[in-house]
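What the coordinates show
Single-letter residue listing:
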Amino acid sequence: MAIRSRPPRSVSDIKTHSGRAKNKYEVYRNYFQVGALELERWRREREREAASSRIAGIDSRIADIDKEKKILLDAADEVQSEQMGKPEPVEKKPSGLKIKY
């Protein structure tokens, strides 16, 4: 058997083109990034539309609440002003426990 003069090959000895392409200016990468940015912008616009519609719904409900509150307070004021003119009789409530023998 002969003695080997070269060391055995490993994975690091495999020749590839991986490092050579990085030095070149690759236009397709820029187009890919532009496409990704356009998709992100589209998603953000949809988020903005959804948020603004939710805000509009909340504002509408707040306006409805204010209207209902005003109606209830006006009705309470009318009842109170009517009661101010004529006093209601106050019923006496029994105090304590009364037992008859």
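Residues numbered from 1 in each chain as written. Predicted model: local features only at pLDDT ≥ 70, side-chain atom pairs only at ≥ 80, totals over all residues. Heavy atoms only, no water.

**Quick look at the overall build of the protein chain**
As a reminder, the rule being used: Strands here mean DSSP runs of E at least two residues long; helices mean DSSP runs of H or I at least four residues long; both are numbered from the N terminus. Note on exposure labels: buried denotes an accessible area under 20% of the residue type's maximum, exposed denotes more than 50%, and partly exposed covers the range between, all computed with a 1.4 Å probe on protein chains only. Surface exposure here means Shrake-Rupley accessible area, sampled with a 1.4 Å probe, where a residue is shielded only by the protein chains that are shown.
Within the protein chain one finds one helix and zero strands. The buried share of the protein chain, taken over its 101 residues, is 1%. About 11200 Å² of surface is accessible on the protein chain, with carbon and sulfur atoms providing 58% of the total.

**Focus on a nonpolar patch on the surface**
As a reminder, the rule being used: Residues forming no salt bridge and having over 30% relative accessible area are the ones grouped into patches, like charges within 9 Å of each other and nonpolar side chains (Val, Leu, Ile, Met, Phe, Trp, Tyr) within 5 Å. Note on definitions: salt bridges are taken to be side-chain nitrogens of Lys or Arg within 4 Å of carboxyl oxygens of Asp or Glu.
A contiguous nonpolar patch, built from Tyr 25, Val 27 and Tyr 31 and spanning about 410 Å² of accessible area, is present on the exposed surface. Looking at the element boundaries, Val 27 is found in helix α1 (residues 27-85). What makes Val 27 partly exposed here is its relative accessible area of 42%.

**Concerning a positive patch on the surface**
Filter applied, for reference: Counting rule for charge: Lys and Arg are taken as positive, Asp and Glu as negative, and neither His nor the chain ends is counted. We put the charge of a Lys on NZ, of an Arg on CZ, of an Asp on CG and of a Glu on CD.
On the surface, a cluster of positive charge is contributed by Arg 4, Arg 6, Arg 9 and Lys 15. Considering the arrangement of structural elements, one finds Arg 4 in the segment before α1.

**As for the pattern of salt bridges**
Going through the model one piece at a time under the given rule, you end up with seven salt bridges. When the shortest N-O distance is used, the salt bridge between Arg 41 and Glu 45 registers 3.1 Å. Pair noted here: Arg 41 and Glu 45 are both in helix α1, with a separation of four residues, about one helical turn. By relative accessible area, which is 28% here, Glu 45 ends up partly exposed. A salt bridge links Glu 45 to Arg 46, with the shortest nitrogen-to-oxygen separation between them at 3.9 Å. On the basis of relative accessible area, Arg 46 is assigned to the partly exposed category, the value being 35%.

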